[in-house]
Amino acid sequence: MADIETKESAYVVDKLIAEDIDSYLDQHEHKTMLRFITCGSVDDGKSTLIGRLLYDSKMIFEDQLDALANDSKKVGTQGQEIDFALLVDGLAAEREQGITIDVAYRFFNTEKRKFIVADCPGHEQYTRNMVTGASTSDLAVILIDARKGVLVQTRRHSYICKLLGVKNIVLAVNKMDLVDYSQEVFDKILADYREFAESIGIENFTAMPISGYKGDNITTLSENTPWYKAPEYAGVPLIEHLETVEVLTSDDADKPFRMPVQWVNRPNLDFRGFSGQIATGVVKPKDKIRVLPSGKTSTVSKIVTFDGELEEAGAGQSVTICFEDEIDCSRGSVISVADAPPQTADQFESTFVWMADEAMVPGRAYWMKIGTQMVSASVAEPKYEINVNTMEELAAKTLELNSIGVAEMTTDKQIVFEPYTENRQLGGFILIDKMTNATVAAGMINFSLRRSQNVHWQAVDISRKQHADLKNQKPAVLWFTGLSGSGKSTIANLVEKKLHRMNRHTFLLDGDNVRHGLNKDLGFTESDRIENIRRVGEVSKLMTDAGLIVITAFISPFQADRELVRAMLPEGEFLEVFIDTPLKVAEARDVKGLYKKARAGELKNFTGIDSPYEAPRNPEIRVDTTKLSPEEAADLIVDTLLGDV
Amino acid sequence: MKKLTHLERLEAESIQIIREVAAEADKPVMLYSVGKDSAVMLHLARKAFYPSPPPFPLLHVDTTWKFKAMYDLRDKMAEMSGMELLVYNNPEAKEKGINPFDHGSLHTDMWKTEGLKQALDKYGFDAAFGGARRDEEKSRAKERIFSFRTSSHGWDPKNQRPELWNLYNAKKARGESIRVFPISNWTELDVWQYIRLENIPIVPLYFAEKRPTFEWEGGLFMADDPERLEKVLGYMPEITEKSIRFRTLGCFPLTGAVESEASTLTEVIQETLLTTTSERQGRVIDKDAGGAGMEVKKQQGYF
């Protein structure tokens, strides 16, 4: 404890707390908030800086400090001294690894502001975390190790901040204590960074020489950097800058009014309000509004809140708005000022940040959530990928984890949007995998494509693979075979229900829907039975071309016929499912009374009685119905099918 | 337009989160523990849907060992908000007479962790609001606002969904559920300030008063139900009157009291600001298993 420099910080311990708590609280009720991210490479000292901010603002309690002192001795990297990074590196696994692997949020207060800090890792493979942190940030602190200067990671972090629209950038040149607080070192880094920043369109940034570890220029100007007071530098400590910087996103209030509708509030027949958080602009009673995408107009009758009706409400507020007319409006609609509505479209060019281990599949349908709209969207092959280190545009067939690229996309219906650079809320979206439900990408709409400009890949013929990709599945035929009464239809039905519940696109072909239509010209002679199976095979093949999982439930007694169908399909798509029920068991069940009729000679060519059944020799799946219940059998089949996909 | 204050921004964000869940979840529920964080969360839910009552019930996973004053406020708040109140007691814990004195951490496991899982399964809730904040504890600082649980209620901290802007992905497979923390970004001070600003009712135990106390295993506790205490401890502890209050409320034998004279809300806030021990220190639960106590508990399904 004694080793650490515990300068009393000027901005936190407020005498008012002890002397006049009411004034203190009144004052603090009127604070504003700043959300910022810190980004830097692994050893740039981010966690140490944040630990320092928390420590200096008295956000660390005594018991936490004691625990910290203990931990510092055990796993710390600062010898006997306090390792601030340990305060911030949360999860057990990463504490052992010594790296921050995820976004962590930290909080501290000063007199003027409440701060929320997103601690973003600088590690190569975690671009996605930085994007996540930047998406909600008003400002970014980009850390540079004074000994190392502008690195590839610095470029990447700056580019991501620019991409996500973080307009306030602080370049914190850290570890100045390790370069003897050299002005030349600082100036060189500043010049290098300025050149790079300009090349990617960052016009303004504020640079400061600091030491998170020693506390220089954090809360007060450091005596070690007297040159920093010269007029060409910002000349303020980090905290003071964070407290006073204008939050540029607050200009959302000056933009036209837009509010995505989250929820329709309808407590009784006399009240119908639309609840949401205002994205941009200001709304007042009597304002003319337009509801998108329908385009219907009305007038605001009142703005309702728990605390009473409002005379006006602006960007960032969560409210409930009522109209004078009963017009169509529901979750996903956007309420806008009547004369300057946002656009609607279904084809876009967007920039994507891929966030999942599984790479993007061009043509596949993903869920797209934009504002409160949830639609199905497919992304074309990327136009290019961006090398985030060099800003080069590279040819790409797909986007992999942590890669950023530009591609065209289409949605299954018109959505209300604005380009991301104009409106974060109506231009930023996430893509969700329909199978795993994981958030796989973040996207930013650049612009919509005119109807005449078809998205390129739509012009080419839709292939078998594209059909399947759109459905997020591998097509297959589950070909059930077995004696009459063996349980084929029962199990096939269960299998289809299970797959359907898992969002698989399926179709069940059985005697009922085939015999009555397609094959109603066929009887039960051997040749008709063969033709029956051949036709079912052809239909199954067409359906797999359309991307479906086809389930057939026919006795299909002959090995040769089943092999014929197998040969029609690509390798691996035909799964023979043998419902293995011994004749005596099937006959004993005799659900439809058919065996009885066959034994009585009333039915001819009945499989198992006077017509042979050729059991499959090597079925992909064998179900022993004397051991498995229909539910268990269906689970086995579904597991085998999906395990294979 | 005037700029929003930090509390106004936090409030608007929380309301947005609560509405998203109501719109996207099939069967949401709000976990209500009767503490001050729950009080703020409930207040925000009432604001989010006004003039409708919040379109989900309150669920209190009860251990039967809460302070009496907590049960009183719970019932009053349910009535005031017009919401259905569900109270769940783990029948197995009840049957075995699990209590904090004899069973240590098993008490929390059975009544709270198991009780919560059972209650969620019993009613089929697919989304549960909780009043946890990121500033409370290290593992919570990295938890998402929408936090996924497997069908066995486990949490996988390595496999969390990225959360961008204010877009929350509430899609899940059958059997999976979400814990949603609408006041994730609030600090303890924010919570107190908001209670003051909005006049939100909280349990009187937060305010100092002369109360019967006893010492047990080095901590100071309130003798809320002396007869029951004697039964469980096997002896009647020495009870002395002291002016005490609580910084955090849980089961009365697990929640340490602090000696204090702060009897009004502003005095409590003042004391909180001047104090140098963190909020959860009074709770025994975080100290298990070293620094990773809460993280392990969460992986097992604790809220």
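Given the structure is predicted, the values throughout are model-derived calculations rather than measurements.

**A closer look at the overall build of chain B**
Inference 1: The secondary structure content of chain B amounts to 11 helices and 10 strands.
Inference 2: For chain B, the exposed area adds up to about 11000 Å²; of that, 49% sits on carbon and sulfur atoms.

**Comments concerning the overall build of chain A**
Inference 1: Looking only at helices and strands, one finds 20 helices and 28 strands in chain A.
Inference 2: Buried residues in chain A amount to 57% of all 645 residues.
Inference 3: Long-range contacts, defined here as pairs at least 24 residues apart, represent 72% of the contacts in chain A between residues at least 6 apart.
Inference 4: Accessible surface, chain A: about 27100 Å² in total, of which carbon and sulfur atoms supply 50%.

**Let's talk about the confidence of the model for chain A**
Residues and elements named next belong to chain A.
Inference 1: Taken as a whole, chain A shows an average pLDDT of 86; of its residues, 87% reach a score of 70 or greater.
Inference 2: Averaged pLDDT values over the elements of chain A bottom out at 40 in helix α12 (residues 456-459) and peak at 98 in strand β9 (residues 273-277).
Inference 3: Low pLDDT, under 50, characterises residues 1-12; the stretch is placed with 30 contacts to residues that sit more than four places away or in other chains.
Inference 4: Here residues 452-460 scores under 50 on pLDDT; set against residues more than four positions off or in separate chains, the count is 17 contacts.

**Remarks on the side chain of B:R149**
Residue and element names in this part refer to chain B.
Inference 1: Within the fold, R149 resides in strand β5 (residues 146-149).
Inference 2: The exposure class assigned to R149 is buried, which follows from its relative accessible area of 1%.
Inference 3: Polar contacts involving the side chain of R149 include one to the side chain of S147, which spans 2.9 Å.

**Some details on unusual backbone geometry**
Inference 1: Each neighbour pair has its own omega, and for A:L292 with A:P293 the value is 5 degrees, a cis peptide bond.
Inference 2: Along the chain, the position of A:P293 falls in the loop between β11 (288-292) and β12 (296-304).
Inference 3: Here the bond from B:Y50 into B:P51 is cis, since omega is 5 degrees, no more than 30 degrees from zero.
Inference 4: Residue position: B:P51 is located in the loop between α2 (36-49) and β2 (58-61).
Inference 5: In the Ramachandran plot, A:Y181 falls in the positive-phi region, its phi being about 55 degrees despite a non-glycine side chain.
Inference 6: Among the structural elements, A:Y181 can be located in the loop between β5 (168-174) and α9 (183-199).
Inference 7: With a relative accessible area of 15%, A:Y181 lands in the buried category.
Inference 8: The phi angle at A:D590 is positive, at roughly 35 degrees, despite the residue not being glycine.

**Observations concerning the pattern of salt bridges**
Inference 1: Within this structure, the stated rule accounts for 56 salt bridges over all chains.
Inference 2: Residue B:D190 pairs with A:K114 through a salt bridge whose shortest N-O separation is 2.2 Å. In this pair, B:D190 sits in helix α8 (residues 188-198) while A:K114 sits in strand β3 (residues 113-119), so the two residues belong to two different chains.
Inference 3: Given the relative accessible area of 0%, B:D190 is considered buried.

**Remarks on the interface of chain A and chain B**
It is common to report an interface's size as the accessible area lost on association of the parts.
Inference 1: Opposite the 96 residues of chain A that make contact, chain B presents 73 residues.
Inference 2: At the boundary of chain A with chain B, total buried surface from both sides reaches about 7000 Å², with 57% on carbon and sulfur atoms.
Inference 3: At the boundary of chain A with chain B, the tally comes to 12 salt bridges.
Inference 4: A:R331 serves as the salt-bridge partner of B:E20, at 2.9 Å between the closest nitrogen and oxygen.
Inference 5: In terms of residues, the side of chain A that touches chain B owes the most to one element, helix α2 (residues 21-29) of chain A, which gives 7 residues.

**Observations regarding the environment of B:V29**
All names here are of chain B.
Inference 1: Take V29: it is sitting in strand β1 (residues 28-31).
Inference 2: For V29 and L86, which are 57 residues apart along the polypeptide, the C-alpha to C-alpha distance reads 9.6 Å.
Inference 3: V29 has contacts with F56, P57, L58, L59, L120, F125, A127, A128 and F129, leaving out every residue within four places of it along the chain.

**What to know about the sheet that holds strand β9 (residues 240-245) of chain B**
Residues and elements named next belong to chain B.
Inference 1: Strand order in the open sheet formed by 4 strands is β8-β7-β9-β10, with antiparallel pairing between adjacent strands. The open sheet has two edge strands, β8 (219-222) and β10 (258-259), and neither has a second partner.
Inference 2: Bridge count between strand β7 (residues 209-216) and β8: 4 bridges; the pairing is antiparallel. Looking at β8, one finds that W216 is bridged to G219.

**Some words on the environment of B:M77**
Inference 1: Looking at where B:M77 falls in the secondary structure, it is placed in helix α3 (residues 68-81).
Inference 2: Non-local contacts of B:M77, meaning those with residues more than four positions away in its chain, are made with B:Y32, B:L42, B:R46 and B:P201.

**Regarding the nonpolar core**
Inference 1: A:F36, A:L164 and B:F146 are the most contacted members of the largest nonpolar core, which has 158 residues in total.
Inference 2: Setting aside residues up to four positions removed in sequence, A:L164 forms contacts with A:V131, A:A134, A:S135, A:Y420, A:R424, A:M444 and B:W165.

**Observations regarding helix α17 (residues 559-568) of chain A**
Inference 1: All buried positions along α17(A) are accounted for by A:Q559, A:D561, A:R562, A:V565 and A:M568.
Inference 2: Residues of α17(A) that are buried in the fold lie against β24 (476-481), α16 (526-545) and β27 (574-580) of chain A.

**Focus on the state of the cysteines**
Residue and element names in this part refer to chain A.
Inference 1: Inspection of every chain in the model, using the stated rule, returns 0 disulfides over all chains.
Inference 2: C161 provides the cysteine sulfur closest to C39, a residue in no disulfide bond, and the two sulfurs are 4.4 Å apart.
Inference 3: Its relative accessible area of 0% is what places C39 among the buried residues.

**Quick word on the pairing of strand β17 (residues 365-370) of chain A**
All names here are of chain A.
Inference 1: Judged by how many residues are buried, β17 sits mostly within the fold: 5 of 6 residues are covered.
Inference 2: Sheet analysis places β17 next to strand β18 (residues 373-379), joined by 6 bridges and oriented antiparallel. Across the sheet, the residue bridging to W367 is S376, located in β18.
Inference 3: Counted along the chain from β17 to the antiparallel partner β18, the turn is 2 residues long, and its residue G371 has a positive phi close to 60 degrees.
Inference 4: Examined bridge by bridge, β17 and strand β22 (residues 428-432) share 4 bridges and lie antiparallel to one another. Looking at the pairing, W367 lines up with I432 of β22.

**Section: the sheet that holds strand β26 (residues 549-553) of chain A**
All names here are of chain A.
Inference 1: Taken in spatial order, the 5 strands line up as β25-β26-β24-β27-β28 in an open sheet, and their pairing is parallel. Taken across any chain shown, the strands that pair with only one partner, and hence form the sheet edges, are β25 (506-510) and β28 (621-624). When the angles between neighbouring strand axes are averaged without regard to direction, this sheet yields 15 degrees.
Inference 2: In this sheet, β27 lies alongside β24 in parallel orientation, the contact comprising 5 bridges. Bridge pairing in β27 links T481 to F578.
Inference 3: Lying over the sheet, helix α14 (residues 488-501) contacts β24, β25, β26, β27 and β28, oriented at roughly 165 degrees with respect to β26.

**Observations regarding the packing of aromatic side chains**
Each aromatic ring pair is characterised by the separation of its centres together with the angle its planes make.
Inference 1: Under the defined criterion, the tally for this structure stands at 29 aromatic pairs over all chains.
Inference 2: Note on A:F108 and A:F115: the rings are 4.8 Å apart at their centroids and 20 degrees apart in plane angle, and the pair reads as stacked.
Inference 3: Geometrically, the ring pair formed by A:W263 and B:F49 is edge-to-face, given 4.7 Å between the ring centres and 70 degrees between the ring planes. Of the two residues, A:W263 sits in strand β8 (residues 263-265) while B:F49 sits in helix α2, which places them in two different chains. Neither residue differs from the other here; A:W263 and B:F49 are each classed as buried.
Inference 4: Here the aromatic cluster, defined as three or more aromatic residues joined through ring pairs, consists of A:F186, A:W227, A:Y228 and A:Y233.
Inference 5: Over the ring of A:W367 we find B:K171, and its NZ or CZ is 3.9 Å from the ring centre.

**A few points about the packing of helix α7 (residues 127-135) of chain A against helix α8 (residues 152-163) of chain A**
All names here are of chain A.
Inference 1: Following both chains from N to C, one finds α7 and α8 inclined at 40 degrees, their axes separated by 10 Å at the closest point. Relative to α8, the element α7 lies oblique. Crossing angle aside, the handedness with which α7 passes α8 is right-handed. When α7 is examined against α8, the residues T127, M130 and V131 are found in contact with a partner set consisting of R156, H157, I160 and C161.
Inference 2: The class makeup of the residues in the contact of α7 with α8 is 4 nonpolar, 2 polar and 1 charged.

**Some thoughts on helix α6 (residues 105-123) of chain B**
Residues and elements named next belong to chain B.
Inference 1: In this model, α6 (19 residues) spans 26 Å end to end at C-alpha, consistent with the 27 Å of a helix rising 1.5 Å per residue.
Inference 2: Of all the bends in α6, the greatest, near 35 degrees, is centred on G115.
Inference 3: What α6 keeps buried is the set H107, T108, M110, W111, T113, G115, L116, K117, A119 and L120.
Inference 4: Directly beyond the C-terminal end of α6, a positive phi value near 70 degrees is found at G124.

What counts, and at which threshold
- Residues numbered from 1 in each chain as written.
- Chains lettered and ligands numbered in written order.
- Predicted model: local features only at pLDDT ≥ 70, side-chain atom pairs only at ≥ 80, totals over all residues.
- Heavy atoms only, no water.
- Helix = DSSP H or I, 4+ residues; strand = E, 2+ residues; numbered from the N terminus.
- Areas by Shrake-Rupley, 256 points an atom, 1.4 Å probe, with all protein chains shown as cover.
- Buried < 20%, exposed > 50% of the residue type's maximum accessible area, 1.4 Å probe, protein only.
- Contact = heavy atoms within 4.5 Å.
- pLDDT = per-residue confidence, 0-100.
- Polar contact = N/O pair within 3.5 Å; in protein donor to acceptor, adjacent residues only side chain to side chain.
- Salt bridge = Lys/Arg side-chain N within 4 Å of Asp/Glu carboxyl O.
- Buried area = accessible area lost by both parts, 1.4 Å probe.
- Pairing = 2+ DSSP bridges.
- Core = buried A, V, L, I, M, F, W, Y, C linked by side-chain atoms within 4.5 Å.
- Disulfide = S-S within 2.5 Å.
- Axes fitted to C-alpha atoms, helices over the stretch in contact; angles between N-to-C directions.
- Phe/Tyr/Trp six-rings, centres within 6.5 Å; stacked < 30°, edge-to-face > 60°.
- Lys NZ or Arg CZ within 6 Å of the ring centre and 35° of its normal.
- Parallel < 35°, antiparallel > 145°, perpendicular 65-115°, else oblique.
- Left-handed = near helix turned anticlockwise from the far one by under 90°.
- Nonpolar A, V, L, I, M, F, W, Y, C, P; charged D, E, K, R; others polar.
- Expected span 1.5 Å × (residues − 1).
- Bend = angle between axes of the 7 residues up to and from the residue.

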